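# Coordinates in review
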Amino acid sequence: MLEFKDMPEVLTPLGRGRALFVEPTARDNYWTVQLDNGAFVTFPQKKLRGVRNYTSGLGIDDNQMRDIIG
């Protein structure tokens, strides 16, 4: 289990929240998130998106990022 010192903000299927820790497994990485409403939920990595700009300010929009990651 990997615990975050500075909890990154993430967008989940249930809304925004902060990632508390990640549990890597052979099948996927599972992120436990505290949602803004206070609920704790665990999601597979493919269900989450980083809320901060994942391009370090390079100005790539969502469609361009989809093309990059395929």
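Below, the structure is looked at part by part. (Residues numbered from 1 in each chain as written. Predicted model: local features only at pLDDT ≥ 70, side-chain atom pairs only at ≥ 80, totals over all residues. Heavy atoms only, no water.)

## Structural notes on the overall build of the protein chain
This is how it is decided: In this description a helix means any DSSP run of H or I spanning at least four residues, a strand means any run of E spanning at least two, and both kinds are numbered starting from the N terminus. The cut-offs for exposure are 20% and 50% of the maximum accessible area for each residue type, with area from a 1.4 Å probe on protein chains only; residues under the lower value are buried, those over the upper are exposed, and the others partly exposed. Contacts: residue pairs with any heavy atoms within 4.5 Å of one another. Throughout, the Shrake-Rupley method with a 1.4 Å probe supplies accessible areas, and for residues the shown protein chains are the sole cover considered.
Looking only at helices and strands, the protein chain has one helix and six strands in total. Along the protein chain, helices (α) and strands (β) appear in the sequence β-β-β-β-β-β-α when read from the amino end. In the protein chain, buried positions account for 23% of the 70 residues. For the protein chain, restricting intrachain contacts to residue pairs at least 6 apart in sequence, the fraction spanning at least 24 positions comes to 17%. Only carbon and sulfur atoms are counted for the fraction: they give 50% of the accessible area of the protein chain, which is about 5,400 Å².

## Side note on the pairing of strand β4 (residues 29-35)
Put simply, the test is: When DSSP locates at least two bridges between a pair of strands, those strands are taken to pair.
Relative to β4, strand β3 (residues 15-24) runs antiparallel, the two being bridged by seven bridges. In the sheet register, P24 faces β4, and the bridge partner there is N29. With antiparallel pairing between neighbouring strands as the criterion, β3 and β4 make up a hairpin whose turn holds four residues. Judged from the five bridges that link them, β4 and strand β5 (residues 40-44) form a sheet pairing that is antiparallel. Across the sheet, residue V33 finds its bridge partner in β5, namely V41.

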